[in-house]
Protein chains: 2
Amino acid sequence: MIKKFINARLITMEGKPEVIENGTVIVKDDKILFAGKGEDASKAYDGDADIENDCKGNILMPGFKNAHTHTAMTLMRSYADGLPLQDWLTQKIFPLEAKFTGEQIYTFTKLGILEYLTSGITACFDMYLAPEETARACSDMGFRCVQCGNVNNFSSSVENMERLYDSLNNSDPLNSYILGCHAEYTCSEELLKDIASLAEKKKAPVFLHANETKKEVDECEERHGKKVITYLDSLGLFNYGGGIYHGVHVTDEEMDILEKKNISVVLNPGSNTKLASGIAPVTEYLKRGINTALGTDGPSSNNCLDMFREMFLATGLSKLRDGNASAVPAEEVLKMATVNGSDCMGLENARTLTAGQQADMVMLDMHAPNMRPVNDVLSNIVYSGSKSNVLMTMVAGRILYESGEFPHCDKEKIYSEAENIQKELGLL
Amino acid sequence: MIKKFINARLITMEGKPEVIENGTVIVKDDKILFAGKGEDASKAYDGDADIENDCKGNILMPGFKNAHTHTAMTLMRSYADGLPLQDWLTQKIFPLEAKFTGEQIYTFTKLGILEYLTSGITACFDMYLAPEETARACSDMGFRCVQCGNVNNFSSSVENMERLYDSLNNSDPLNSYILGCHAEYTCSEELLKDIASLAEKKKAPVFLHANETKKEVDECEERHGKKVITYLDSLGLFNYGGGIYHGVHVTDEEMDILEKKNISVVLNPGSNTKLASGIAPVTEYLKRGINTALGTDGPSSNNCLDMFREMFLATGLSKLRDGNASAVPAEEVLKMATVNGSDCMGLENARTLTAGQQADMVMLDMHAPNMRPVNDVLSNIVYSGSKSNVLMTMVAGRILYESGEFPHCDKEKIYSEAENIQKELGLL
């Protein structure tokens with residue numbers, strides 16, 4: 001199956017972000033066959049296309065990578081807003097999650113995927129309670145998902161994580177799995193050491209929540225006499241790299257470790273704002289060359305799964321933090337939302353619009369008033385762009401969202417299943 | 001002409017914001033004839049409707065009021081991003097504006113109105129260079145616009161403002177005009193006193209930019225030995241009320257004046273974020289009962305005209321500022337974005353969905369994944385809502401935007417005119 005897209009403003013995200021006018025993209029099955037100037041396309045392929053789409057100057061670019069989320073928490077969207085992180089977790093979320101079954105998680109993951117597609121997100125880095133159900137939802141929806149281990153003192157185990165690592169990395173190519181645990185404050189030292197041993201055995205990176213709130217970093221220091229990252233690193237957790245989700249409250253000493261050990265930071269500015277956790281030192285991360293990606297966090301703490309909001313906040317909050325309107329330019333934000341995400345998620349084959357890569361691509365509307373006039377396309381995307389501009393979202397060559405519709409999925413059926421589960425759980 | 005909307009989740013915004021399930025709204029010509037429970041509708045009107053719309057559980061609520069903007073600055077969207085306020089104004093914006101003609105302003109105002117409609121905005125409080133051209137654009141588009149005087153040392157005059165006040169308040173009912181000037185730092189004391197005299201003569205409120213940056217408030221104190229609001233009030237500028245745009249850096253002493261003189265504050269969180277100006281003390285404003293509205297500011301400093309972004313930021317930034325996830329609840333934000341805006345803009349007839357009011361109304365999609373599940377409709381709008389949820393925008397009973405289309409307007413013609421002007425001004 002050949003799909004050809006012509007007359008696009010093409011942003012391949014290979015190297016420095018820039019716009020190729022009159023671009024063409026040719027997709028063969030699940031891969032990019034050609035992406036570049038229209039005039040060069042026939043050298044790569046001069047046969048017929050099954051589908052030819054005139055983009056009329058609209059943008060084609062790699063899909064956004066939501067590098068930290070808990071997708072199935074769509075269940076708890078707008079549930080218990082207005083609480084600080086610890087109260088919200090212990091009083092509201094944990095009791096509800098204790099009743100949340102695998103089948104229910106399957107449905108609410110599908111609901112979250114619908115929302116990802118409307119925001120041009122083609123892959124997520126998910127951490128949640130029932131990894132096999134999450135994987136099943138992603139396979140059924142045709143969505144790309146990297147899952148992260150969720151081990152902690154209360155659920156899952158290192159043995160279970162090893163089993164998931166082996167099985168989910170060898171099944172549907174849309175699904176993959178990375179070692180990880182919930183957070184320092186929910187894992188015993190023994191457990192963290194066991195995870196480090198598994199990382200050593202697999203020669204694999206480890207991800208976890210870290211340095212999200214002031215309270216968390218203070219309490220780690222009380223418990224262990226060390227800063228969070230210093231402590232985790234001392235246990236060997238990052239010997240094969242990895243990453244932290246949030247990274248709001250990080251000292252210079254910890255940044256040295258992030259830099260030296262090639263540890264990524266996944267920013268979650270929407271969630272950190274809504275839960276009043278703080279603003280991450282993004283300028284410092286960029287200055288040190290630390291790989292910095294972007295995530296929405298779960299839809300219960302954000303509350304939406306919208307990479308356009310995260311992109312504006314990633315630069316906007318940094319400008320406020322630094323007192324500098326030049327902080328974190330648009331091109332850096334676009335890298336965070338795309339290639340930097342792929343890099344920490346192990347998606348080296350779904351990174352850029354380049355021949356041979358997976359065809360994970362979005363089309364953004366340049367005929368919407370918020371994208372006019374055209375003074376600077378990259379600025380338009382980051383500062384003015386909105387999910388309302390997403391005309392098409394393609395994963396592995398399949399169009400999963402187009403012109404407001406989901407061609408392979410009955411959204412109302414998912415809404416109705418979600419409502420039934422709300423009733424079962426006593427929320428309605 | 002009778003238009004009937006049934007099966008809506010109705011938020012009238014009369015009193016405390018709440019949702020009426022199975023609501024009906026009947027619009028007769030430019031006014032609301034009935035808005036309430038479906039079962040009560042026939043008491044108000046039991047005849048036929050020219051148009052009957054089944055809302056299928058979607059939200060009907062008053063349109064958003066963008067209470068501070070410079071609409072025609074769409075010209076400068078994504079132009080010179082990344083500069084602090086003073087450099088951005090003096091090096092980039094002012095030189096370009098010096099070449100900007102009335103006819104050009106007419107076109108770029110129309111471009112901005114298209115964008116307002118996509119975000120459910122039914123009225124704006126505009127301050128710009130060619131008020132009669134702005135009014136003409138709004139009349140031609142059927143859009144409601146309150147303009148604010150723009151007098152300063154370099155352009156316009158008090159005499160011109162009086163002429164505009166008399167003419168624009170007595171022409172097309174979609175257009176109105178409020179006294180105002182640019183800012184303390186661009187107006188001589190003599191000019192400010194003349195404006196205060198005109199306010200006295202008309203017994204009318206005065207609006208202006210104030211307390212936006214730290215630099216501005218420090219320089220006012222150096223010049224006049226007084227804080228900005230204290231200084232302006234000492235000249236009699238607020239003897240009939242009025243308001244300030246921005247209100248980021250405000251002392252307790254100045255808040256006392258805001259409270260006593262019934263002066264509104266129009267927040268511009270998107271712009272204050274992008275220009276690194278700071279975070280306004282919103283919690284303190286609400287505690288004091290100061291009328292607090294929301295605006296996008298101009299599309300050159302924001303860069304988009306999206307009230308959903310402003311709503312999230314109004315509460316989110318306050319949570320960060322206060323270190324309190326409970327700060328500024330969703331209901332307060334919805335009031336800011338609707339009735340509080342009407343109150344400061346003198347739109348007492350376009351405030352709520354109530355019989356006799358102007359039919360300025362929006363329909364928001366509850367069948368989009370970001371609005372599901374339905375745990376709390378008001379939270380969904382403020383924390384998860386997006387312009388992608390705007391299904392319909394109606395001003396004075398006319399549907400100006402529906403399902404992504406502008407039924408009374410050729411958007412491509414406006415884009416093409418805008419592009420021609422970019423070329424004339426040397427931007428392309």
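Bear in mind that the values here come from a model prediction, so they are computed numbers and not experimental data. (Residues numbered from 1 in each chain as written. Chains lettered and ligands numbered in written order. Predicted model: local features only at pLDDT ≥ 70, side-chain atom pairs only at ≥ 80, totals over all residues.)

1. Re the overall build of chain A
So, point 1. A count of helices and strands for chain A gives 16 helices and 16 strands.
So, point 2. In summary, chain A has a C-alpha radius of gyration of 21 Å against a globular reference of 22 Å for 428 residues, a match within 12%.
So, point 3. Expressed along its principal axes, the backbone C-alpha trace of chain A runs to roughly 65 × 50 × 40 Å.
So, point 4. With 428 residues in all, chain A has 60% of them scored as buried.
So, point 5. When contacts within chain A are restricted to residue pairs at least 6 apart in sequence, those whose partners lie at least 24 apart make up 72%. (Helix = DSSP H or I, 4+ residues; strand = E, 2+ residues; numbered from the N terminus. Rg over C-alpha atoms; globule rule 2.2 N^0.38 Å. Buried ≥ 20, exposed ≤ 12 C-beta atoms within 10 Å, placed from the backbone. Contact = placed C-beta atoms within 7 Å.)

2. As for the domain arrangement of chain A
Residue and element names in this part refer to chain A.
So, point 1. For chain A, the domain assignment lists domain 1 (2-62 + 350-402) and domain 2 (64-345).
So, point 2. Taking the mean C-alpha position of each, domain 1 and domain 2 sit 28 Å from one another.
So, point 3. Listed as interface residues are 24 residues of domain 1 and, on the opposing side, 23 residues of domain 2.
So, point 4. Those elements that provide at least two residues to the side of domain 1 that touches domain 2 are α15 (377-384), β15 (390-395) and β16 (398-402).
So, point 5. At five residues, α15 tops the list of elements feeding residues into the side of domain 1 that touches domain 2.
So, point 6. Taken together, the residues of the side of domain 1 that touches domain 2 break down into 14 nonpolar, five polar and five charged. (Domains from an automatic or database assignment. Nonpolar A, V, L, I, M, F, W, Y, C, P; charged D, E, K, R; others polar.)

3. Examining the sheet that holds strand β10 (residues 206-210) of chain B
Residues and elements named next belong to chain B.
So, point 1. Reading across from one edge, β6-β7-β8-β9-β10-β11-β12-β13 is the order of the eight strands in this open sheet, with parallel pairing throughout. Since the sheet does not close on itself, it has two edges, and those belong to β6 (64-69) and β13 (292-294), each with one partner. Put simply, the sheet's adjacent strands are angled 25° from each other on average, direction ignored.
So, point 2. Where β6 meets strand β7 (residues 121-126), four bridges bridge the pair, whose relative direction is parallel. For F64, the partnering residue across the bridge sits in β7 and is I121.
So, point 3. Across the sheet, helix α4 (residues 131-141) lies against β7, β8 (144-148) and β9 (175-183), angled at about 170° from β8, the strand it touches most. (Pairing = 2+ DSSP bridges. Axes fitted to C-alpha atoms, helices over the stretch in contact; angles between N-to-C directions.)

4. With respect to the pairing of strand β5 (residues 59-62) of chain A
Residue and element names in this part refer to chain A.
So, point 1. Two elements, strand β1 (residues 2-10) and β5, share two bridges in a ladder whose sense is parallel. Its bridge partner being in β5, L10 is matched across the sheet by L60.
So, point 2. With four bridges connecting them, β5 and strand β14 (residues 361-364) associate as antiparallel partners. Paired with L60 across the two strands is M363, which belongs to β14.

5. Side note on the confidence of the model for chain A
So, point 1. Averaged over every residue, the pLDDT of chain A is 97; residues scoring 70 or more account for 100%.
So, point 2. For this predicted complex, the interface score ipTM comes out at 0.97, while the overall pTM is 0.98. (pLDDT = per-residue confidence, 0-100.)

6. Here's the deal with the nonpolar core
As a rule of thumb, soluble globular proteins bury nonpolar side chains together.
So, point 1. Counting 288 residues, the largest nonpolar core has V25 and L60 of chain A together with V25 and L60 of chain B as its most contacted members.
So, point 2. The contact partners of L60 of chain B, leaving out residues within four places of it in the chain, are F5, A8, L10, G23, V25, C55, L353, M361 and M363 of chain B. (Core = buried A, V, L, I, M, F, W, Y, C linked by C-beta atoms within 7 Å.)

7. A word on the environment of G149 of chain A
All names here are of chain A.
So, point 1. Topologically, G149 is positioned in the loop between β8 (144-148) and α5 (158-168).
So, point 2. Under the C-beta neighbour-count criterion, G149 is labelled buried, with 25 such atoms within 10 Å.
So, point 3. Separated by 16 residues in the primary sequence, G149 and Y165 have C-alpha atoms spaced 8.4 Å apart.
So, point 4. Setting aside chain neighbours within four positions, we find G149 in contact with M161, L179, G180 and C181.

8. Side note on unusual backbone geometry
Negative phi is the rule for most residues except glycine; trans is the rule for most peptide bonds.
All names here are of chain B.
So, point 1. Cis peptide bonds are those with omega within 30 degrees of zero, and the linkage from N302 to N303 qualifies with 5°.
So, point 2. Among the secondary structure elements, N303 is positioned in the loop between β13 and α12 (307-322).
So, point 3. Here the bond from R372 into P373 is cis, since omega is -10°, no more than 30 degrees from zero.
So, point 4. For P373, the position within the fold is in the loop between β14 (361-364) and α15 (377-384).

9. Looking at the relation of the copies chain A and chain B
So, point 1. Note on the identical chains: chain A maps onto chain B by a rotation of 180° and an axial translation of 0.0 Å, with an RMSD of 0.0 Å. Considering both components of the superposition, the chain copies are consistent with a two-fold axis. When C-alpha positions in chain A are compared against the rotation axis, the closest is assigned to S388 of chain A, at 2.2 Å.
So, point 2. Comparing contact sets, 100% of the residues at the interface of chain A also lie at the interface in chain B, consistent with an isologous, same-surface contact. (Least-squares fit on C-alpha atoms with pLDDT ≥ 70 in both.)

10. Observations regarding the sheet that holds strand β9 (residues 175-183) of chain A
All names here are of chain A.
So, point 1. The sheet built from eight strands is open, its strands ordered β6-β7-β8-β9-β10-β11-β12-β13 with parallel pairing. Two strands in the sheet have a free side with no partner beyond their single neighbour: β6 (64-69) and β13 (292-294). Direction aside, neighbouring strands of the sheet carry axes that sit 25° apart on average.
So, point 2. Pairing of β9 with strand β10 (residues 206-210), which is carried by three bridges, proceeds in the parallel orientation. From the neighbouring strand, L179 faces β10, where its bridge partner is V206.
So, point 3. The strands touched by helix α4 (residues 131-141) within the sheet are β7 (121-126), β8 and β9, with β8 carrying the most contacts at an inclination of about 170°.
So, point 4. α5 rests against β8 and β9 of the sheet, and its axis sits at about 160° to β9.

11. Details of the interface of chain A and chain B
So, point 1. If you look at the interface, chain A gives 51 residues, while chain B gives 52 residues.
So, point 2. Taken together, the residues that form the side of chain A that touches chain B break down as 22 nonpolar, 17 polar and twelve charged.

12. Details of the packing of helix α5 (residues 158-168) of chain B against helix α6 (residues 189-202) of chain B
Residue and element names in this part refer to chain B.
So, point 1. With their axes 10 Å apart at the nearest point, α5 and α6 run at an angle of 25° to one another. One finds that α5 runs roughly parallel with respect to α6. When you trace α5 past α6, the crossing you get is right-handed. Residues V158, M161, E162 and Y165 of α5 form the contact with α6, whose own contacting residues are D194, I195, L198 and K202.
So, point 2. Classifying every residue of the contact of α5 with α6 by side-chain character gives five nonpolar, no polar and three charged. (Parallel < 35°, antiparallel > 145°, perpendicular 65-115°, else oblique. Left-handed = near helix turned anticlockwise from the far one by under 90°.)

13. So, helix α16 (residues 411-424) of chain A
Residues and elements named next belong to chain A.
So, point 1. The end-to-end C-alpha separation of α16 is 20 Å, in line with the 20 Å expected for 14 residues at 1.5 Å each.
So, point 2. Those residues of α16 that are buried are in contact with α3 (102-118).
So, point 3. Looking one or two places after α16, you find G426, whose phi comes out positive at around 75°. (Expected span 1.5 Å × (residues − 1).)

14. Describing the environment of P299 of chain A
Residues and elements named next belong to chain A.
So, point 1. Here P299 lies in the loop between β13 and α12 (307-322).
So, point 2. On the basis of neighbour counts, which here come to 30 C-beta atoms within 10 Å, the residue P299 falls in the buried class.
So, point 3. Residues contacting P299, with those up to four places away along its chain left out, are M73, T74, R77, G112, C304 and L305.

15. Observations concerning the environment of H182 of chain B
Residues and elements named next belong to chain B.
So, point 1. With respect to the helices, strands and loops of the structure, H182 is situated in strand β9.
So, point 2. What makes H182 buried here is the crowd of 21 C-beta atoms within 10 Å.
So, point 3. Put simply, H182 and K335 are 153 residues apart on the chain and 26 Å apart in space, counted from C-alpha to C-alpha.
So, point 4. When sequence neighbours within four positions are dropped, the list of residues in contact with H182 reads N150, V151, N152, C187, L208 and H209.

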